[in-house]
Amino acid sequence: MSMIKVENLTFSYLSSYDNIFEDVSFQIDTDWKLGFVGRNGRGKTTFLNLLLGKYEYNGTIISSVQFDYFPYPVEDKSKLTQDILQEICPTAEEWEFIRELSYLEVDADVLWRPFNELSNGEQTKVLLATLFLNEGHFLLIDEPTNHLDTNAREMVSAYLKKKNGFILVSHDRHFLDGCVDHILSLNRANIEVQAGNFSSWALNFERQQEFEIAQNAILQKDIKRLQKAAKRTADWSGQIEASKIGGHTPDRGYIGHKSAKMMKRAKSIEARQQQAIEQKSGLLKNVETAENLKLFPLSYFTDTLLSFSDVKVFYGEKAICGPVTFTLRRSDRLALDGRNGSGKSSLLKLLTGEQIEHTGTITTGSGLIISYVPQDTSHLKGTLSDFADKHHIDETLFKALLRKMDFERIQFTKNIENFSGGQKKKVLIAKSLCEQAHLYVWDEPLNFIDVYSRIQIEQLIKEFSPTMIFVEHDKAFRDNIATSTLIL
């Protein structure tokens, strides 16, 4: 057992005037299973890169362990998987690779296949398993769930629960609860470490915010009361002092004493007011606000919007899913579930008019307007203004929605290519929310998106009840908003 100590860490990018981290100090045990949470764009991946020594910084990071990073960069993906894994962990024997893969229900034959022939989920599993074979290393795991289906997430979570010594960046609440014993929280003003899983941390964080908001309200009232009292006392003191030079013969000694007493009282009230202001300034630094989002779905003129009858999707001569039969009615929110490669995204693309080989019958209602959120964000380019203009959406509304999802105004001047993965996804979701549609088709909309925004989007869907068909492997989100689930 050893410690990783971070002391007085301050860091900013050369292109930025604001510090990403400022005078941050904490320490963690290398045996802990740490879940790392925080808003998109706040610096989680940056912090992992600081641990890896990729940037210069002020302060100190003290560690006796070597750090490994996931996703591991594989340069030549045409090589055999076994050769790649041997390069990552030269000391491991073949039987050790096979043992670790068996824990993740990956067939040993993947070792003798080219790495680029493995599915994204298989690549995730084999790289994680191999990195954990590097004994004495501390693993930095950056959002491993984005290519994992629901069953694979459960499996990887159970696998991580048996391991020690890692920091896991993830926004999947259910996934975190299954495998971490501490939470590393990147807040607005600091970084905090707390024992427990995500749910216990979230409960404590919410209680702390409620306490600070209540305490702030009390101090606000106290400050106003003290300001009035100070003004009243100062006025009295001035009136008493003025009476020294009235038309009669006053007892100037008595009046001077009384005036000094009132001034002393005024000073005392002023000191108490300053103390209350200082107390107030220590509150609300980490409060996370999530304003309510709005959506204006169109009401379709009939109850049924679309239906699939015995639909099969083909890649070449191979059927990858089906036959699929279902009917979507107004206010339905249908979740498509199934393993990676089971055809979920293909079914959604068929709805958007993409030419994909299939059999069976797809019937959509006349004049049906669809808003689509794709998985892929690689096509996003230019500024937010360019994006709004290209897609004919109201730029003011579009940017207002992004502000509510924690975008800073500085982001509005940057190119979307430079956004974090979560920020790019928010761009696509905000676009969809700007579009009035009968049907919202969302394909894994929550990849990379922070927990606060996930809850924000859940509340939006519950309030406005749009008709939806979606794919999402975040179990907590799916369970909260789906009215039915179709397993492929």
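Residues numbered from 1 in each chain as written. Predicted model: local features only at pLDDT ≥ 70, side-chain atom pairs only at ≥ 80, totals over all residues. Heavy atoms only, no water.

It is the contact of helix 4 (residues 120-131) with helix 5 (residues 150-161), at a shortest axis distance of 12 Å, that shows an interaxial angle of 5°. Regarding the angle of helix 4 to helix 5, the classification is roughly parallel. Of the residues in helix 5, those in contact with Lys125, Leu128 and Ala129 of helix 4 are Ala152, Met155, Val156 and Tyr159. (Axes fitted to C-alpha atoms, helices over the stretch in contact; angles between N-to-C directions. Helix = DSSP H or I, 4+ residues; strand = E, 2+ residues; numbered from the N terminus. Parallel < 35°, antiparallel > 145°, perpendicular 65-115°, else oblique. Contact = heavy atoms within 4.5 Å.)

By size, the foremost hydrophobic cluster in this structure holds 43 residues, and its most contacted members are Val126, Leu127, Phe132, Ile141, Leu160 and Leu168. With residues up to four places along the chain from it excluded, the contact list for Val126 reads Thr81, Leu85, Leu101, Val106, Val110, Phe115 and Leu118. Formed by 35 residues, the second largest nonpolar core is a distinct cluster that contains Leu293, Ala388, Leu401 and Ala430. (Core = buried A, V, L, I, M, F, W, Y, C linked by side-chain atoms within 4.5 Å. Buried < 20%, exposed > 50% of the residue type's maximum accessible area, 1.4 Å probe, protein only.)

Two elements in contact, helix 11 (residues 395-404) and helix 12 (residues 421-434), have axes separated by 9 Å at closest approach and are oriented at 130°. Relative to helix 12, the element helix 11 is oriented oblique. Here the hand of the crossing between helix 11 and helix 12 comes out right-handed. Where helix 11 approaches helix 12, its residues Leu397, Phe398, Leu401 and Leu402 are matched on the opposing element by Lys426, Val427, Ala430, Lys431, Leu433 and Cys434. (Left-handed = near helix turned anticlockwise from the far one by under 90°.)

Segments scoring low in pLDDT should not have their predicted coordinates read at a detailed level. When the pLDDT values of the chain are averaged, the result is 87; 86% of them are 70 or greater. No element of the chain has a lower mean pLDDT than helix 8 (residues 252-281), which averages 61, and none a higher one than strand 14 (residues 370-373), which averages 97. (pLDDT = per-residue confidence, 0-100.)

Moving on to the packing of aromatic side chains. How two aromatic rings sit relative to each other is given by the distance of their centres and the angle of their planes. Inspection of the entire model under this criterion finds 18 aromatic pairs. On the basis of an interplanar angle of 75° and a centroid distance of 5.7 Å, the ring pair of Phe36 and Phe47 is categorised as edge-to-face. Taken together, the residues Phe36 in strand 3 (residues 33-38) and Phe47 in helix 1 (residues 44-51) connect sequence positions 11 residues apart. The exposure class assigned to Phe36 is buried, which follows from its relative accessible area of 0%. Exposure remark for Phe47: the relative accessible area of 1% places this residue in the buried category. Between Phe205 and Tyr452 the ring centres are 6.5 Å apart and the planes differ by 55°, which places this aromatic pair in the tilted class. (Phe/Tyr/Trp six-rings, centres within 6.5 Å; stacked < 30°, edge-to-face > 60°.)

This paragraph deals with helix 1. The element helix 1 is largely enclosed, with a buried count of 7 among its 8 residues. The complete set of buried residues in helix 1 reads Lys44, Thr46, Phe47, Leu48, Asn49, Leu50 and Leu51. Once helix 1 finishes, Gly53 follows within two positions and takes phi at roughly 80°, a positive value.

Spatially, 11-10-13 is the arrangement adopted by the 3 strands of the open sheet, whose pairing is antiparallel. This sheet does not close on itself; its edge strands, each paired only once, are strand 11 (318-329) and strand 13 (358-364). Pairs of neighbouring strands in the sheet enclose a mean axial angle of 10°, with direction left out of account. Looking at chain direction, strand 10 (residues 304-315) and strand 13 are connected through 6 bridges and run antiparallel. Counted as the bridge partner of Ser307 is Thr363 from strand 13. Against the sheet, helix 9 (residues 344-351) contacts strand 10, strand 11 and strand 13, and its axis sits at roughly 125° relative to strand 10. (Pairing = 2+ DSSP bridges.)

Considering the arrangement of structural elements, one finds Lys44 in helix 1. In this structure, Lys44 is buried with no salt-bridge partner, the nearest side chain bearing the opposite charge being Glu143 at 5.7 Å. For Lys44, the residues in contact, after removing those within four places along its chain, are Phe36, Val37, Gly38, Arg39, Val169, His171 and Leu186. (Lys, Arg positive; Asp, Glu negative; His and termini not counted. Salt bridge = Lys/Arg side-chain N within 4 Å of Asp/Glu carboxyl O.)

Before going further, it helps to spend a moment on the layout of surface pockets. Empty space among the atoms can be located by rolling a probe the size of a water molecule over them. Volume-wise, the second largest pocket comes out at about 710 Å³. Lining the second largest pocket are 23 residues, with Asn120, Asn340, Gly341, Ser345 and Gln375 positioned closest to its centre. Contributing elements (two or more residues each) for the lining of the second largest pocket: helix 4, strand 11 and helix 9. The element contributing the most residues to the lining of the second largest pocket is helix 9, with 4 residues. Class assignment for the residues of the lining of the second largest pocket results in 3 nonpolar, 14 polar and 6 charged. (1 Å grid on protein atoms, 1.4 Å probe; cavity = no way out; pocket = protein on both sides within 12 Å on 5 of 7 lines; lining within 4 Å. Points joined across faces, edges and corners; volume = space filled by probe spheres on them. Nonpolar A, V, L, I, M, F, W, Y, C, P; charged D, E, K, R; others polar.)

Moving on: the sheet that holds strand 5 (residues 66-70). Here 6 strands make up an open sheet; going across it, the order is 5-6-7-3-8-9 and the pairing mixed. The sheet is open, and its two borders are formed by strand 5 and strand 9 (191-195), each paired with just one other strand. Here the strands of the sheet are splayed against their neighbours by 20° on average, with no regard to which way each runs. Most of the contacts of helix 1 go to strand 3, to which it runs at about 135°, and overall it touches strand 3, strand 5, strand 6 (137-142), strand 7 (166-169) and strand 8 (182-186). Each of strand 5 and strand 6 is contacted by helix 4, which is oriented at about 175° to strand 5, the strand it contacts most.

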